[in-house]
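An overview of the molecular structure
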Amino acid sequence: MELAFFIEKFLLVTIVFVISLVIAMYSTLAERKVAGFMQDRFGPDRAGPFGILQPLCDGGKFFFKEEIIPAGAHKSLFILGPTIAIITACIGSAVIPWGQELVIGERVIELQVADINVGVLYMFGVVALSVYGIMLGGWASNNKFSLMGAVRAASQSISYELALGLSLIALLMVTQSLSLKEIVVQQQGFVNWNIWVQPLGFLIFLVCAFAECNRVPFDLPECETELIGGYNVEYSSMKLGLYMFAEYIHMFVSSALMSALYFGGYNFPFMYDLGLSQNWITIIGVLAFFAKIFVFIFFFMWIRWTLPRFRYDQLMNLGWKMLIPLAIANIVLTGIITIIKDTFF
Amino acid sequence: MEPLSNRKKVLEQKPMNFWERIYLPAIFKGLSITIKHFFKRIPTVRYPEVLRPYSKNFRGQHSLKRDEEGRERCTACGLCALSCPAEAITMISAEREKGEEHLYREEKYAAVYEINMLRCIFCGLCEEACPKEAIYLDGPHVTADYLRKDFIYGKDKLVEPRFDYKKEQEPTA
């Protein structure tokens, strides 16, 4: 472990962290803009040109709001809730390969914070942890509505994690690797993207990702109509802001994960046919990766302003009676196809 | 019991078919509708920067006109006050003194001319009644205010600003 390695990783971590925060910040604006355009209006456009200062104003407002901790609340857990939510949201991005390597002089810099060989499992663990933030916050508020929201969040995330895991198993049967970097490298070019071999798996993964991010149509933990805001009823000031931020960072990380697992990550068509140098390929690759991520983030918002919320029993029916059997069928199908391919071709 | 209008129609509830049950086609339909709206022209008018044009016969705040020499046209005949169905107009007339010919067109003029904007219904009858073409409702919207007394507009707000024709015409001529 040399010093340069530390500096390199430290810089990378900082950049990734800042990028996820900035994207989360501007997702809030983008969400309102998208909502506006889909409803034939402009959305916020008063703060700065096209409203680009809106997130700063919102953040400033959050910081200057009075911070209220309810009298009956469990104080330390009440503070721990949003902390866990934001931390788990942020650490997910550690294993995502943002690009190939940059060559600066002698050094080869990998654009990935940690290439662990169980990257997919790590992601899965982080996603599973993220529900604790919501659960603790909801329970510690000492409020019936928050508790209902927390209970819903917990049961929803348990049900959908199963289908999520099963859809991933089918993918791993194809890729034969748990390392995210390895998976992305395998998808070089355009025809090798995993979406072409695992369309059903991707669909299940997508639906479960929506559920894990607590996004519409699965935003039952925070539904306004029944639970007046759900698990974050009692939260005010920046603690509420952190919950919101966590949701948007989650969205960003899931979008990154989806594009890395199914849409080739930083690979773009004809990347070696254009005669570019390695550094240029890396830079364009990173841009391509972010373009894919933004498409997914837009898709998240697009869905949000299209679909209404599920009823709770519909949510459970969909999770247990539709997605899990479908995911198992997908595994079986993948297995059969793999065997046929191995024996006959 | 006999139904009142025989228009009631009992709809048959059919069980959903396969495509309806998997829900995805409906989602795509919904998504296509929202994306269509995404690219639609937005009817919003960004108000303080962009103003919607008024119609040509819009009736706004009254203005008391001057003639081409800049003299007030009003002769305080009181026909506008008489025609006003809301009784919003009141005036006190005065006689033109020597040396005031450049100020008032007629020998009699309105020393005080007040319109109560809370009473006014912007019907335009004063405009029609005026024999001297002295009052027109061609101003902007009458804005909101805090006190009732501030809605009584006097000559200071109603008489149109002096407009020097000679100066204006010099560059064009």
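This one's a predicted model, so the numbers in the text were calculated from it and none came from an experiment.

Remarks on the overall build of chain A
Scanning chain A from N- to C-terminus turns up 12 helices and two strands. Overall, chain A shows an N-to-C arrangement of helices and strands of α-α-α-β-β-α-α-α-α-α-α-α-α-α. Principal-axis analysis of the C-alpha atoms places the extent of chain A at approximately 65 × 50 × 50 Å. Considering only contacts within chain A whose residues lie at least 6 apart along the sequence, 78% involve residues at least 24 apart.

Here we look at the confidence of the model for chain B
In low-pLDDT regions, the fine details of the predicted coordinates are not to be read closely. Looking at chain B, the pLDDT average stands at 85 and 93% of residues meet or exceed 70. Both scores are given for the predicted complex: the pTM is 0.78, the ipTM 0.75.

Comments concerning the packing of helix α4 (residues 119-140) of chain A against helix α5 (residues 144-175) of chain A
Packed helix pairs are specified by the crossing angle of their axes together with the interaxial distance, meaning the distance between the axes. Residue and element names in this part refer to chain A. Contact geometry for α4 and α5: axes closest at 8 Å, N-to-C directions at 175 degrees. Comparing the axis directions of α4 and α5 gives the class roughly antiparallel. From α4, Val 120, Phe 124, Ala 128, Val 131, Ile 134, Met 135, Gly 138 and Trp 139 reach across to α5, where they touch Ser 146, Leu 147, Gly 149, Ala 150, Ala 153, Ala 154, Ser 157, Glu 161, Gly 165, Leu 168 and Leu 172. Among the residues forming the contact of α4 with α5, the class breakdown is 13 nonpolar, five polar and one charged.

Quick notes on the interface of chain B and chain A
Tallying the contact residues gives 11 residues for chain B and 10 residues for chain A. Tallied by class, the residues present in the side of chain B that touches chain A amount to six nonpolar, four polar and one charged.

Description of the environment of Leu 80 of chain A
Residue and element names in this part refer to chain A. Counting through the fold element by element, Leu 80 comes out in helix α3 (residues 75-91). We classify Leu 80 as partly exposed; it has 16 C-beta atoms within 10 Å. Spatially, the C-alpha atom of Leu 80 lies 7.4 Å from that of Gly 133, the residues being 53 residues apart in sequence.

Focus on the nonpolar core
Residues Cys 208, Ile 249 and Phe 252 of chain A are the most contacted members of the largest nonpolar core, which totals 82 residues. Ranked by residues supplied to this core, first place goes to helix α10 (residues 237-262) of chain A with 16 residues. One finds Ala 88, Tyr 104, Tyr 109 and Ile 115 of chain B within the second-largest nonpolar core, a separate group that totals 16 residues.

Digging into α4 of chain A
Over its 22 residues, α4 of chain A extends 32 Å from the first C-alpha to the last, a length consistent with the 32 Å expected when each residue adds 1.5 Å. Just downstream of α4 of chain A, Asn 142 of chain A is the residue with a positive phi angle, here 60 degrees.

Describing the packing of helix α2 (residues 54-64) of chain A against α10 of chain A
Residue and element names in this part refer to chain A. Axis separation between α2 and α10 bottoms out at 6 Å; the angle between their running directions is 135 degrees. Between α2 and α10, the angle is such that the two are oblique. Mapping the contact onto sequence places Gly 59, Phe 62 and Phe 63 in α2 and Ser 237, Met 238 and Gly 241 in α10. Residue composition of the contact of α2 with α10, by class: three nonpolar, three polar and no charged.

Conventions we followed
- Residues numbered from 1 in each chain as written.
- Chains lettered and ligands numbered in written order.
- Predicted model: local features only at pLDDT ≥ 70, side-chain atom pairs only at ≥ 80, totals over all residues.
- Helix = DSSP H or I, 4+ residues; strand = E, 2+ residues; numbered from the N terminus.
- Contact = placed C-beta atoms within 7 Å.
- pLDDT = per-residue confidence, 0-100.
- Axes fitted to C-alpha atoms, helices over the stretch in contact; angles between N-to-C directions.
- Parallel < 35°, antiparallel > 145°, perpendicular 65-115°, else oblique.
- Nonpolar A, V, L, I, M, F, W, Y, C, P; charged D, E, K, R; others polar.
- Buried ≥ 20, exposed ≤ 12 C-beta atoms within 10 Å, placed from the backbone.
- Core = buried A, V, L, I, M, F, W, Y, C linked by C-beta atoms within 7 Å.
- Expected span 1.5 Å × (residues − 1).

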